[in-house]
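Chains, contacts and geometry: an overview
What follows is the residue order along each chain.
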Amino acid sequence: KRTAARDFDRALTTKGHQQSQAVGAFLAAQKIRANCLITSPLVRARETAEHLQAALHALSGVTATSDERLACGMTPSEAYAILRKCEKDGDNCVIFVGHEPDFSGFAADATAMESVACIEVKKASIVILDVANNRRGGAMLRALIPAKML
């Protein structure tokens, strides 16, 4: 039986490490200059963020920070609050590392889709949102790239 403690401590699988490295390599090849990399505190998310940080650090000097709000159960309003803080700090390219169905819910809300069923974010996917306003409908979906396409 799974418990919350076990889920919190669950590490990436070998495939998860490979996917995270592929995402990092893709972002680096696209010369993504992230200046804010925020991760869920769960072990597998932190491991993913480490791979992204390793791939992107030379381009932008980004380092990963953990935020409890990105743990399982993040709401769109929590995501907007994190983005507002990043914006206030002058960060304009933010990378979140978190969990499903939280990110599908946030992407659907940010782009004013009628339902979370309209967008599905798979593990190790890249979602690029151009967020003009930190509110419902204030973003444009620029890309949704599943790991299997990297």
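The model shown is predicted, which means the values in this text are computed figures rather than measured ones.

What counts and how
- Residues numbered from 1 in each chain as written.
- Predicted model: local features only at pLDDT ≥ 70, side-chain atom pairs only at ≥ 80, totals over all residues.
- Heavy atoms only, no water.
- Helix = DSSP H or I, 4+ residues; strand = E, 2+ residues; numbered from the N terminus.
- Rg over C-alpha atoms; globule rule 2.2 N^0.38 Å.
- Buried < 20%, exposed > 50% of the residue type's maximum accessible area, 1.4 Å probe, protein only.
- Contact = heavy atoms within 4.5 Å.
- Areas by Shrake-Rupley, 256 points an atom, 1.4 Å probe, with all protein chains shown as cover.
- Lys, Arg positive; Asp, Glu negative; His and termini not counted.
- Charge placed at Lys NZ, Arg CZ, Asp CG, Glu CD.
- Salt bridge = Lys/Arg side-chain N within 4 Å of Asp/Glu carboxyl O.
- Pairing = 2+ DSSP bridges.
- Axes fitted to C-alpha atoms, helices over the stretch in contact; angles between N-to-C directions.
- Expected span 1.5 Å × (residues − 1).
- Bend = angle between axes of the 7 residues up to and from the residue.
- Polar contact = N/O pair within 3.5 Å; in protein donor to acceptor, adjacent residues only side chain to side chain.

1. With respect to the overall build of the protein chain
Helix and strand counts for the protein chain stand at 5 helices and 5 strands. Shown N-terminal to C-terminal, the secondary structure of the protein chain runs as helices and strands in the order α-α-β-α-β-α-β-α-β-β. Expected size for 150 residues packed as a compact globule is a radius of gyration near 15 Å; at 15 Å, the protein chain falls within 12% of this value. Sorting the 150 residues of the protein chain into buried and exposed places 39% on the buried side. Long-range pairs, those at least 24 residues apart, make up 67% of the contacts in the protein chain with a sequence separation of at least 6. Summed over all atoms, the accessible surface of the protein chain reaches about 8500 Å², with 53% contributed by carbon and sulfur. Across the protein chain, 19 positive and 16 negative side-chain charges occur, with their mean positions spaced 4 Å apart.

2. A look at the pattern of salt bridges
If you walk through the whole model with that rule in mind, you get 5 salt bridges. Across the pair Lys85 and Asp89 runs a salt bridge whose closest N-O atoms are separated by 2.6 Å. Taking the relative accessible area as the measure of exposure, Asp89 reaches 47% and is therefore partly exposed. Close ionic contact of Lys122 with Glu120 constitutes a salt bridge, the shortest N to O distance being 3.4 Å. Judged by relative accessible area, which is 47%, Lys122 ranks as partly exposed. Residue Glu120 is classed as exposed on the basis of its relative accessible area of 54%.

3. Brief notes about the environment of Ala110
When you line up the elements, Ala110 lands in helix H5 (residues 102–110). Judged by its relative accessible area of 0%, Ala110 is buried. The spatial distance from the C-alpha of Ala110 to the C-alpha of Gly138 is 5.7 Å, given a sequence separation of 28 residues.

4. Comments concerning the sheet that holds strand S2 (residues 64–66)
Reading across the sheet, the 3 strands line up as S2-S1-S3 and stay open at both edges, with parallel pairing between neighbours. On the outer flanks of this sheet lie S2 and strand S3 (94–97), each paired with one strand and no other. Strand after strand, the sheet turns through a mean of 25° between neighbouring axes, direction not considered. The pairing of strand S1 (residues 36–39) with S3 spans 4 bridges and is classified as parallel.

5. Here's the deal with helix H3 (residues 43–60)
In this model, H3 (18 residues) spans 24 Å end to end at C-alpha, consistent with the 26 Å of a helix rising 1.5 Å per residue. At Ala54, H3 shows its maximal bend, which comes to roughly 35°. Among all positions in H3, only Val43, Arg44, Ala45, Glu47, Thr48, Ala49, His51, Leu52 and Leu56 are buried. Positive phi shows up at Gly61, right after H3, with a value of about 75°.

6. Description of the side chain of His99
Within the secondary structure, His99 sits in the loop between S3 and H5. A relative accessible area of 7% places His99 in the buried class. In this structure the side chain of His99 is engaged in a polar contact, spanning 2.7 Å, whose partner is the side chain of Ser40. With residues up to four places along the chain from it excluded, the contact list for His99 reads Ser40, Leu42, Arg44, Ala45, Leu70, Ala71 and Cys72.

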